[in-house]
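# Tertiary structure, described
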Amino acid sequence: MDIINSISTQLISGNDKDVASDTKKALDSGISAETILNDGLIMGMNIIGDRFRDHEVFLPDVLMAAKAMYAGMELIKPILIKSGISSRGKIVIGTIQGDLHDIGKNLVGIMLKGAGYEVIDLGHDVSPEKFVEVAKETGATIIGMSALLTTTMANMKEVVKILKNENLDGKIRTIIGGAPVSDQYASDIGVDKYSFDAGNAVDIVKELMA
Amino acid sequence: MREILKIPHDAVIPDVEEVMKLQGIPSDSILPPKITDLYKRAFSIFIETKDPKGLIGEVSATDLENILTIAGGNIINSVISSMFKKGTNLALFVFTLGTEISDTINNLFAKNEFALGSMLDSIASASADRGGEYGEKFFLNYLRDLGSVSPDHRALMYSPGYCGWDITGQKKLFRYLKPGDIGISINESSLMTPIKSISGVIISGKKDIHYLKEDFDFCKTCTGKNCRERILRIKKEE
């Protein structure tokens, strides 16, 4: 299993070419795509995520690791799809209507994909109706919303209202994040969970999907 | 006065510290070579793709009041509404870094170059702030040349989306200034294209008018604290 450890180590160092080459070697040696995913790629992303949470590494380190993760994923994804191995769950994410700040939201998406979830990223300036519509269409069970502006965060409440009106609250759960929002705000507007950073978003998604 | 500004490229180059702050990296951090190299690559792309342009136009207090008035005839509850009448001169201002840099950031993310895309995004955001500061300086110098201001006057910009001014205020601001002349458009949600653009009102007046207290309702949830940074900028000049 040295090759699996190497995938994880190279991923943490952000060495995308080495991750791709080790992933290919692992596949050639008969290691399953699922093992490479869980014990190599996701393990590496978990470690870098923990280090980022503990302020041991910086944002660019995480993003370089994410690129390395994708380099490995590109090789194993066709095999996973062919063998019918599904993702850990689907999440729709986006920056709320009226807001274009999406770097934080992008990081959440990258970390969630790194943790093995299927992420449908709607980009920025996403209407409340669009969030719900896409979640219904794709069968996503979580909607993640982000805002940077105090003047746009109120739009998040509309998603909760629509879900309630369509009797989907409880079936499609909601998470919010971004500089102006808080645990208290999430509770005030009826959102299920507040996430303070990208690593925490992964923990919350795991909790909600457990 | 309404003028398209030829902005010197040097005026919109941000400091490394400003960029790293946007990356969440504290100023006292020792940057690993990997991050320094990443910054250099992103900065080189920034130099190649930026196309800074500005547009400034003076506005009367009556017109600004109209811009700040929402449906029903009420003026919005915001920092700017509370203080613009204390200003002696007002101007609308927009700034953009152009389409190429925004497209490049999107393309980098699409190609999984997250770190490079994110670094370039931070450089562009810090640069756009520099563009705003250029507008402020331009307006103050313009007024000085006219002899309209005293030495203790300062000009600062206040933008829709911040300090209680709803982002939809951008639509009215656009109707007055018409930034299509420098290639900026606005969508239904009042967001600008190219993305790396900023807009606002520059208020010139005695510096004390900018020393605002954080006693608005929206200050309780604000984590940006742009107002404190603005005040610090004035104080640094003292």
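Cut-offs applied
- Residues numbered from 1 in each chain as written.
- Chains lettered and ligands numbered in written order.
- Predicted model: local features only at pLDDT ≥ 70, side-chain atom pairs only at ≥ 80, totals over all residues.
- Heavy atoms only, no water.
- Helix = DSSP H or I, 4+ residues; strand = E, 2+ residues; numbered from the N terminus.
- Rg over C-alpha atoms; globule rule 2.2 N^0.38 Å.
- Buried < 20%, exposed > 50% of the residue type's maximum accessible area, 1.4 Å probe, protein only.
- Lys, Arg positive; Asp, Glu negative; His and termini not counted.
- Charge placed at Lys NZ, Arg CZ, Asp CG, Glu CD.
- Polar contact = N/O pair within 3.5 Å; in protein donor to acceptor, adjacent residues only side chain to side chain.
- Contact = heavy atoms within 4.5 Å.
- Arc of directions from axis to C-beta.
- Phe/Tyr/Trp six-rings, centres within 6.5 Å; stacked < 30°, edge-to-face > 60°.
- Buried area = accessible area lost by both parts, 1.4 Å probe.
- Salt bridge = Lys/Arg side-chain N within 4 Å of Asp/Glu carboxyl O.
- Nonpolar A, V, L, I, M, F, W, Y, C, P; charged D, E, K, R; others polar.
- 1 Å grid on protein atoms, 1.4 Å probe; cavity = no way out; pocket = protein on both sides within 12 Å on 5 of 7 lines; lining within 4 Å.
- Points joined across faces, edges and corners; volume = space filled by probe spheres on them.
- Domains from an automatic or database assignment.
- Axes fitted to C-alpha atoms, helices over the stretch in contact; angles between N-to-C directions.
- Parallel < 35°, antiparallel > 145°, perpendicular 65-115°, else oblique.
- Left-handed = near helix turned anticlockwise from the far one by under 90°.

This part takes up the overall build of chain A. Helices and strands together make up the secondary structure of chain A, namely 9 helices and 5 strands. When the helices and strands of chain A are listed from N to C terminus, the series reads α-α-α-α-β-α-β-α-β-α-β-α-β-α. Over its C-alpha trace chain A gives a radius of gyration of 18 Å, about what one expects of a compact globule, namely 17 Å for 210 residues. For chain A, the C-alpha atoms occupy an extent of roughly 55 × 35 × 25 Å along the three principal directions. Looking at chain A residue by residue over its 210 residues, the buried ones come to 53%. If you average the places of the 21 positive and of the 29 negative side-chain charges in chain A, the two averages end up 4 Å apart.

Right, let's get into the side chain of Ser197 of chain B. Residue and element names in this part refer to chain B. For Ser197, the position within the fold is in strand 7 (residues 197-206). The exposure class assigned to Ser197 is buried, which follows from its relative accessible area of 9%. Within the structure, the side chain of Ser197 is placed 2.9 Å from the side chain of Thr96, a separation counted as a polar contact. With residues up to four places along the chain from it excluded, the contact list for Ser197 reads Phe95, Thr96, Ile184 and Met192.

Moving on, we come to unusual backbone geometry. Note the cis peptide between Thr193 of chain B and Pro194 of chain B, where omega equals -5°. A positive phi angle, near 60°, is found at His55 of chain A, a position not held by glycine. With respect to the element layout, His55 of chain A can be found in the loop between helix 3 (33-53) and helix 4 (59-82).

All names here are of chain A. The set of residues buried in helix 7 (residues 156-165) consists of Met156, Val159, Val160, Ile162 and Leu163. Viewed end-on, helix 7 has its buried residues packed into an arc of 165°, placing them on one side of the element. Its buried side turned inward, helix 7 meets helix 6 (128-138), strand 3 (142-146), strand 4 (173-177) and helix 8 (183-189). A positive backbone phi angle near 55° is found at Asn167, which sits one or two residues after helix 7.

Moving on, we come to the packing of aromatic side chains. In this structure the tally under the stated criterion is 5 aromatic pairs over all chains. With 5.0 Å between their ring centres and 75° between their planes, Tyr70 of chain A and Phe114 of chain B make a pair best called edge-to-face. With Tyr70 of chain A in helix 4 and Phe114 of chain B in helix 6 (residues 114-146), this pair bridges two chains. The exposure classification of Tyr70 of chain A matches that of Phe114 of chain B, with both residues buried.

Let us now look at the interface of chain A and chain B. The interface is formed by 29 residues belonging to chain A together with 32 residues belonging to chain B. Summing the contributions of chain A and of chain B, the shared interface buries around 2,400 Å²; its carbon and sulfur component is 66%. Summed over the shared surface of chain A and chain B, the number is 1 salt bridge. Where chain A meets chain B, there are 4 residue pairs in polar contact (both at pLDDT 80 or more). Those elements giving two or more residues to the side of chain A that touches chain B turn out to be helix 4 and helix 5 (103-114) of chain A. Of all the elements, helix 4 of chain A adds the most residues to the side of chain A that touches chain B, at 9 residues. In terms of residue class, the side of chain A that touches chain B is made up of 14 nonpolar, 10 polar and 5 charged.

What follows is about the layout of surface pockets. Residues and elements named next belong to chain A. Of the pockets and cavities examined, the second largest pocket occupies roughly 560 Å³. Forming the walls of the second largest pocket are 19 residues, and the residues nearest its centre are Met73, Lys77, Ser87, Tyr117 and Glu118. Listing elements by their share of the lining of the second largest pocket, those giving two or more residues are helix 3, helix 4 and strand 2 (118-121). Here the lining of the second largest pocket gets 6 residues from one element, more than from any other, and that element is helix 4. For the lining of the second largest pocket, the residue count by class is 9 nonpolar, 4 polar and 6 charged. When residues of the lining of the second largest pocket are assigned to domains, at least three fall in each of domain 1 (3-83) and domain 2 (90-208).

Where charged atoms of side chains with opposite charge meet at close range, the side chains can pair. All names here are of chain A. Within this structure, the stated rule accounts for 18 salt bridges over all chains. Here Lys24 and Asp28 are joined by a salt bridge, their closest N and O atoms 3.3 Å apart. With Lys24 and Asp28 both in helix 2 (residues 16-28) and 4 residues apart, this pair spans about one turn of that helix. Accessibility expressed as a relative area gives 48% for Lys24, which makes it partly exposed. As a salt-bridge pair, Asp192 and Arg173 come within 3.4 Å of each other at their nearest N and O atoms.

So, on to the packing of helix 4 of chain A against helix 5 of chain A. All names here are of chain A. Where helix 4 meets helix 5, the axes come as close as 10 Å, and the angle between the chain directions of the two elements is 45°. Between helix 4 and helix 5, the interaxial angle falls into the category oblique. The chirality of how helix 4 crosses helix 5 is left-handed. Counting all contacts with helix 4, which are made through Leu59, Val62, Leu63, Ala66, Met69 and Tyr70, the residues of helix 5 involved are Leu107, Ile110, Met111, Lys113 and Gly114.

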